[in-house]
Amino acid sequence: MKLTTIIDQIDLGSLALPKFQRGYVWNRAQVRNLMRSLYRGFPVGSLLVWETQSSVADVRGDAQSHNGSLRLLLDGQQRITSLYGIVRGHPPVFFEGDAKAFENLCFNLESEEFEFYVPTRMSANPHWIKITELMQSGAGNYIAQLIPTVPPEKLQIYINRLNAIANIQEHDFHIDLVSGADKSVDVVVDIFNQVNSGGTKLSKGDLALAKIGANWPEAREEMRVRLTKWRSAGYKFNLDWLLRCINGLLTGQSEYSYLGELHVERIAEGLTRVEKHVDDALNLIASRLGLDHHRVLGSPNAFPAIVRYFDKHSSMLDHRDLDRLLFWYIHAMLWGRYSGPIETVIRQDLLAADQDEDPVKALIERLTQMRGHLRVSPNDFAGWNRGSRFYPLLYLLTRVYGTRDLNSGIALQKYMLGKFSSLEMHHIFPKSRLRAMNYQAQKEVNAVANFTFLTKATNLKISSTLPEVYFCQYESKNPGVLSSHWIPMDEQLWKIENYRDFLAARRELLAKAANSFLEELYHGAIPESPAMESVLDRDARPISIASDEEEAELIQAMDWMQSQQLPPGELGYELPIENDRESVVLDLAWPRGIQQGLSEKVALLIDEEPETLAVANAHGFRYFTTLPQLQRYVQRDILGEPAM
């Protein structure tokens, strides 16, 4: 089929995209390479089209069926979308992505270069032509302009080149057609994944959603509405996770395939119930544990079991039952219950949550079998970065025990509001002072036992002051404030030369506080919490993730990426390490590539230990340690532009 016919069929709505396909992700370099290949007559591959009944497929855009059937583009979306945009001058109706990738492409009649329009370079140079204008008006107008200005020996060469560009519209694409009653969504998605081996594979959740969407077209949008609500409150969940919660609630199973056996009415009703139970769980975890943001939430994969438990037993629960459930939840977080392959573990927990007699006991017993014991030791606080599972526990203890701000003396229990009163992670012994004393290893400088939480104003006030100075000042001003941070009161330990002894003593105090709280939680000895504002009704104000300088560079990186019409990345992306059930946190990451599925995984790691860099590398991340390094990579390899 000729390109012009393909474009016409898209305009008529007789050729569309299935909704399980992700959006447009090509960059300018890929568009240039495609046009260069077509111009030179190189092969650019065939297309794969699925012909199916309109009732079977969930379609993106305004597709029109012909006698009840549709033709859907399975392989070739990036190529055809790019060419459609160049020929028509605007994206097709099914477009989702950044049109900047194919807008204003130009061709140089002399050098035969393809480049995107740059006024300072091209406006005064008659050799540059805009390809979209050529496609829409034809080569004749340009030829007429060339005749009086171009030397005769060049004229025919330029005419041939103009015609070669215009004739790209006549390129014949070979089309492989997938059709037949046996070609279900399952089969077609499997075909898509095999053909699209170099791109982004569809997950099992994508497949499940494709099946659901065939009979409930609004399913994806309805689920995104819930995810957006939670994200606005500071909780980053995804569609796979939400589908797993719905599946767990409705079927008691962890495998997505069970969802395909349910009527869409049940799934829609299950979504409503899941939303309520997740809301209740987030409010419970925030009010009882103080874990009020995704960075400290701990165990999102525990939610399918919690949702199932709430749905089956909510009429019989009191605060002691809920506290024992939270006891299980904390330990599931601490000991990496979901750090490996999760389907089997979630299925086990769903079975335990289903029991009629003491399901929480069954959940705890399964965790004890995995762990051997559920008790925190001082060495467990020996983690050294924000990836330590004991970092959220430190935040939890700060919130539930009423740790007080050193300067103001106010309790840090309630979520702090305002630019200078938001919670911020504080290095008790400043990093700069430790490094000046030759404590160079991140495992020491960023030890969890060297962290505490303060208001931003107090953190700025302390700056690089040593503990032996500011401890005395604040303890005198607010007696008892140091012990609320589990600071050992031996003043010799406040001296930087005794830093390692300070860490050991503080780990002892933290472990004692953690075990005390967990025991009280298990035995129902903690009074009920007073009514509080729903955690979903406030703006998300996360705790600070790094030093002021580091955080500023990360935010600058995210802003710059968005200015280039690229995804900003994920702050604090956690990489699991299965052998020791610990994890490493990457400062800023693109775990599926900056151009999803088409570029490598990337991370920006500022001032990190070699161990972190090695782990990132082992997980397939290409990492950069400064923003300029990242920017040069993006401009060269993603945008295909000269690096600044």
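Conventions adopted
- Residues numbered from 1 in each chain as written.
- Predicted model: local features only at pLDDT ≥ 70, side-chain atom pairs only at ≥ 80, totals over all residues.
- Heavy atoms only, no water.
- Helix = DSSP H or I, 4+ residues; strand = E, 2+ residues; numbered from the N terminus.
- Buried < 20%, exposed > 50% of the residue type's maximum accessible area, 1.4 Å probe, protein only.
- Contact = heavy atoms within 4.5 Å.
- Areas by Shrake-Rupley, 256 points an atom, 1.4 Å probe, with all protein chains shown as cover.
- Phe/Tyr/Trp six-rings, centres within 6.5 Å; stacked < 30°, edge-to-face > 60°.
- Lys NZ or Arg CZ within 6 Å of the ring centre and 35° of its normal.
- Salt bridge = Lys/Arg side-chain N within 4 Å of Asp/Glu carboxyl O.
- Axes fitted to C-alpha atoms, helices over the stretch in contact; angles between N-to-C directions.
- Parallel < 35°, antiparallel > 145°, perpendicular 65-115°, else oblique.
- Nonpolar A, V, L, I, M, F, W, Y, C, P; charged D, E, K, R; others polar.
- Pairing = 2+ DSSP bridges.
- Expected span 1.5 Å × (residues − 1).
- Polar contact = N/O pair within 3.5 Å; in protein donor to acceptor, adjacent residues only side chain to side chain.

Peer 1: Give a detailed account of the overall build of the protein chain, specifying residues and quantitative values.
Peer 2: Of the regular secondary structure elements, the protein chain holds 26 helices and 14 strands. Counting every position in the protein chain, which comprises 644 residues, the buried fraction comes to 54%. Put simply, of all contacts in the protein chain between residues at least 6 apart along the chain, 69% involve residues at least 24 apart. Counting only carbon and sulfur atoms, one obtains 49% of the accessible surface of the protein chain, whose full area is about 27700 Å².

Peer 1: So what about the packing of aromatic side chains? Which residues, and what values?
Peer 2: Summed over all chains, the structure comprises 29 aromatic pairs. A centroid spacing of 5.3 Å and a plane angle of 70 degrees characterise the contact between Tyr439 and Tyr499, whose relative ring orientation is edge-to-face. A residue pair is termed long-range when its members are at least 10 positions apart, and Tyr439 in the loop between helix H19 (431–436) and helix H20 (442–445) and Tyr499 in helix H23 (residues 499–522) qualify at 60 residues. Since its relative accessible area comes to 6%, Tyr439 is described here as buried. Taken together through their ring pairs, the aromatic side chains of Trp230, Tyr235, Phe237, Trp241, Phe303 and Tyr329 make up a single cluster. Between the NZ or CZ atom of Arg88 and the centre of the ring of Tyr84, over which it lies, the distance is 6.0 Å.

Peer 1: Go over the pattern of salt bridges with me, naming the residues and quoting the values.
Peer 2: Two side chains with opposite charge may pair up if their charged atoms get near one another. By the definition in use, this model includes 31 salt bridges. Here Glu115 and Arg32 are joined by a salt bridge, their closest N and O atoms 3.8 Å apart. In this pair, Glu115 is assigned in strand S6 (residues 114–116) and Arg32 in helix H2 (residues 28–40), connecting sequence segments 83 residues apart. When its relative accessible area of 23% is taken as the criterion, Glu115 is described as partly exposed. The closest approach of N and O atoms between Glu113 and Arg121, which form a salt bridge, is 3.6 Å. Of the residues examined, Glu113 reaches a relative accessible area of 31% and is grouped as partly exposed. Looking at Arg121, the relative accessible area reads 41%, which means it is partly exposed. Linked through salt bridges whose partners overlap, the residues forming this network are Glu222, Arg226, Lys229, Glu275 and Asp279.

Peer 1: Explain the packing of helix H15 (residues 319–334) against H23 to me, using residue names and the numbers behind them.
Peer 2: Between H15 and H23, the least distance of the axes is 7 Å, while the angle of their chain directions is 140 degrees. With respect to H23, the element H15 is oriented oblique. Of the residues in H23, those in contact with Asp323, Arg324, Leu326, Phe327, Ile330 and His331 of H15 are Phe517, Leu518, Leu521 and Tyr522. Tallied by class, the residues present in the contact of H15 with H23 amount to 7 nonpolar, 1 polar and 2 charged.

Peer 1: Describe the pairing of strand S13 (residues 601–604), listing the residues and the values that go with them.
Peer 2: Sheet analysis places S13 next to strand S14 (residues 621–624), joined by 4 bridges and oriented parallel. Note on S14: the bridge partner recorded for Val602 is Arg622.

Peer 1: Explain helix H26 (residues 627–638) to me, and be specific about the residues and the numbers.
Peer 2: Helix length check: H26, at 12 residues, gives a terminal C-alpha distance of 15 Å against a target of 16 Å (1.5 Å per residue), a fit within 8%. Among the residues of H26, Leu627, Leu630, Gln631, Tyr633, Val634, Gln635 and Ile638 are the ones counted as buried.

Peer 1: Which residues make up H15, and what are the values?
Peer 2: Counted at 1.5 Å a residue, the expected span for H15 with its 16 residues is 22 Å, and the 22 Å between its end C-alpha atoms agrees. When you tally the buried positions in H15, you get 14 out of 16 residues, the bulk of the element. The opening residue of H15 is Asp318, an N-cap whose side-chain oxygen sits 3.0 Å from the backbone nitrogen of Arg320. One or two positions beyond H15, positive phi appears at Gly336, with a value near 65 degrees.

Peer 1: Explain the packing of helix H12 (residues 264–289) against helix H14 (residues 303–313) residue by residue, including any values.
Peer 2: One way to put it is that H12 packs onto H14 with a least axis distance of 9 Å and a crossing angle of 105 degrees. Considered as vectors, H12 and H14 are oriented roughly perpendicular to each other. Of H14, the residues touching H12 (which contributes Arg273, Val274, His277, Val278, Asp280, Ala281, Leu282, Leu284 and Ile285) are Phe303, Ile306, Val307, Phe310 and Asp311. The residue inventory of the contact of H12 with H14, partitioned by class, reads 10 nonpolar, 1 polar and 3 charged.

Peer 1: Let's hear about the sheet that holds S6: which residues, and what values?
Peer 2: Taken together, 3 strands build an open sheet; the order of strands is S6-S5-S7 and the sheet is antiparallel. If you trace the sheet from one side to the other, it starts and ends with S6 and strand S7 (128–130), each paired once. Sheet twist, expressed as the average angle between the axes of neighbouring strands with direction ignored, equals 35 degrees. Alignment of strand S5 (residues 105–108) against S7, held across 3 bridges, turns out to be antiparallel. When the bridges of S7 are listed, Phe107 appears paired with Ile129. Lying over the sheet, H2 contacts S5 and S6, oriented at roughly 150 degrees with respect to S6.

Peer 1: Outline the environment of Cys106, listing residues and values.
Peer 2: Mapping Cys106 onto the fold places it in strand S5. As for Cys106 and Arg32, which are separated by 74 residues in sequence, their C-alpha atoms are 9.6 Å apart. Apart from residues no more than four positions distant in its own chain, Cys106 is found in contact with Glu113, Phe114, Glu115, Tyr117, Met122, Trp128, Ile129, Lys130 and Ile131.

Peer 1: How would you sum up the side chain of Arg226? Please name residues and give values.
Peer 2: Tracing the backbone shows Arg226 in helix H10 (residues 219–232). Of the residues examined, Arg226 reaches a relative accessible area of 11% and is grouped as buried. Among the polar contacts listed, one links the side chain of Arg226 to the side chain of Glu222, at a separation of 2.7 Å. Apart from the residues lying within four places of it in its own chain, the contact partners of Arg226 are Leu242, Leu271, Thr272 and Glu275.

Peer 1: Outline the environment of Lys312, listing residues and values.
Peer 2: By the element assignment, Lys312 lies in helix H14. For Lys312, a relative accessible area of 39% corresponds to the partly exposed category. C-alpha of Lys312 to C-alpha of Asp356: the two residues are 44 residues apart in sequence and 8.9 Å apart in space. Look past the residues within four positions of Lys312 in its chain and what remains in contact with it is Asp354 and Asp356.

The quantities given are spatial measurements derived from coordinates; they are silent on function.
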